[in-house]
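Each chain is listed here by its residues.
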Amino acid sequence: MRQAHKTKAPRKQVTRRLLSLVALTTLLLSPLGCRPSQQTQERVVIYCALDLVFAKPVLKEFEQLTGIQVDIKGDSEAAKTTGLAQLIRAEKAAPICDVFWNNEIIQTLALKEADCIAPYASPSANTLPAQWRDSDHYWHAIAARARVIVYNPDLIKPEDLPRHVSELTAPQWKGKAVIAKPLFGTTATHISTLYHLWSPQKGRNFLRDLQKNKIGITDGNASVVRLVAAGEFPFGLTDTDDVFMGMKAGKNIAWSTIGQSPEHPGSLLIPNTIAMIANAPHPDAAKKLIDFILSPAVERKLRDCDSHQIPLHPDIAPPPELNTLSIQAIDYAPVAAQLDSVFKDVKSLRL
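Residues numbered from 1 in each chain as written. Predicted model: local features only at pLDDT ≥ 70, side-chain atom pairs only at ≥ 80, totals over all residues. Heavy atoms only, no water.

Draft legend 1. Examining the overall build of the protein chain more closely. On a plain count of helices and strands, the protein chain comes out with twelve helices and ten strands. Within the span of the protein chain, comprising 351 residues, buried residues form 52% of the whole. Accessible surface, the protein chain: about 16,900 Å² in total, of which carbon and sulfur atoms supply 54%. (Helix = DSSP H or I, 4+ residues; strand = E, 2+ residues; numbered from the N terminus. Buried < 20%, exposed > 50% of the residue type's maximum accessible area, 1.4 Å probe, protein only. Areas by Shrake-Rupley, 256 points an atom, 1.4 Å probe, with all protein chains shown as cover.)

Draft legend 2. Expanded view of the pairing of strand β3 (residues 99-102). Alternating residues of β3 divide into Val99 and Trp101 and Phe100 and Asn102, and every residue in both groups is buried. Here strand β1 (residues 43-48) runs beside β3; their pairing, made up of three bridges, is parallel. By the bridge assignment, tyrosine 47 is partnered in β3 with phenylalanine 100. With four bridges connecting them, β3 and strand β10 (residues 269-277) associate as antiparallel partners. Residue pairing for β10: asparagine 102 is matched across the bridge by threonine 273. (Pairing = 2+ DSSP bridges.)

Draft legend 3. A look at the side chain of histidine 264. Position of histidine 264 among the secondary structure elements: in the loop between β9 (254-257) and β10. Ignoring anything within four residues of it in the chain, the contact list for histidine 264 reads Leu197, Trp198, Gly259 and Gln328. (Contact = heavy atoms within 4.5 Å.)

Listed below in structure tokens is the structure:
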């Protein structure tokens, strides 16, 4: 039987097939090949410790105004600031994050000491008081919350509440108060502040006495509000934003101011802080995002939302609920220096 002879394809047909193969290979190897318009879209990565229910509308507006894609990483209610700060440290040699939106301040100061953040003099921060911006522009503060008592009005009268944090170790409050775990977030900031205001030894004794007084420990400030509203504790220490969110949800709670000691009677104010990561992968987009977050317009939005955060720009009035709040003046640099001691003591006491 005669074998059929293979015929060669015309040269033009071979060339056409080769070009099609090259085009298909390029499409398959390109990121998001089916959406080539996104390959060149400007983007920025933000690690955000502020509750995303408040941060996301701000970041979404930035995306809409600039066309820059914002990739957001948050963390759990319990770990929040500490978890994200540890991640930034772990990624120091090859950063993924561009901007850190911290819901407090001392972890940001610690990241500066660890050379994990970079200076950027944002023009949006020009009107901030010197207290709320780093002199070398490594961080800027916005939108603060106050540390307060949240209480259940069915279980305790406001006139019977402790007036100072230092009173929580008194016998009459045994088993009656709850706080978030002091390793994380604003509670770690609060305890570190007490170490600074009182002395490390007195702060250490305070933690030990809280343990003896059977203070309740829970996984976050929002959990403090839930436990008090449920009647498991008459009162607890938390932040104003968590109180206002609880009240918005119809929880049976009220709040009262609390000083740090008779010598330091003012409420503790803890701001959000914004910083650019050292060697950020997208520095230009990071600067645009920082300018936007620090703008007075955004601070007004954070004041007017359900969390009622306290503006730091001097020309923006505080929320009406907090306009008579007496504030304890704090230099947070020496407070940050106490953080490692607080962590060590909290872990040794197994609080």
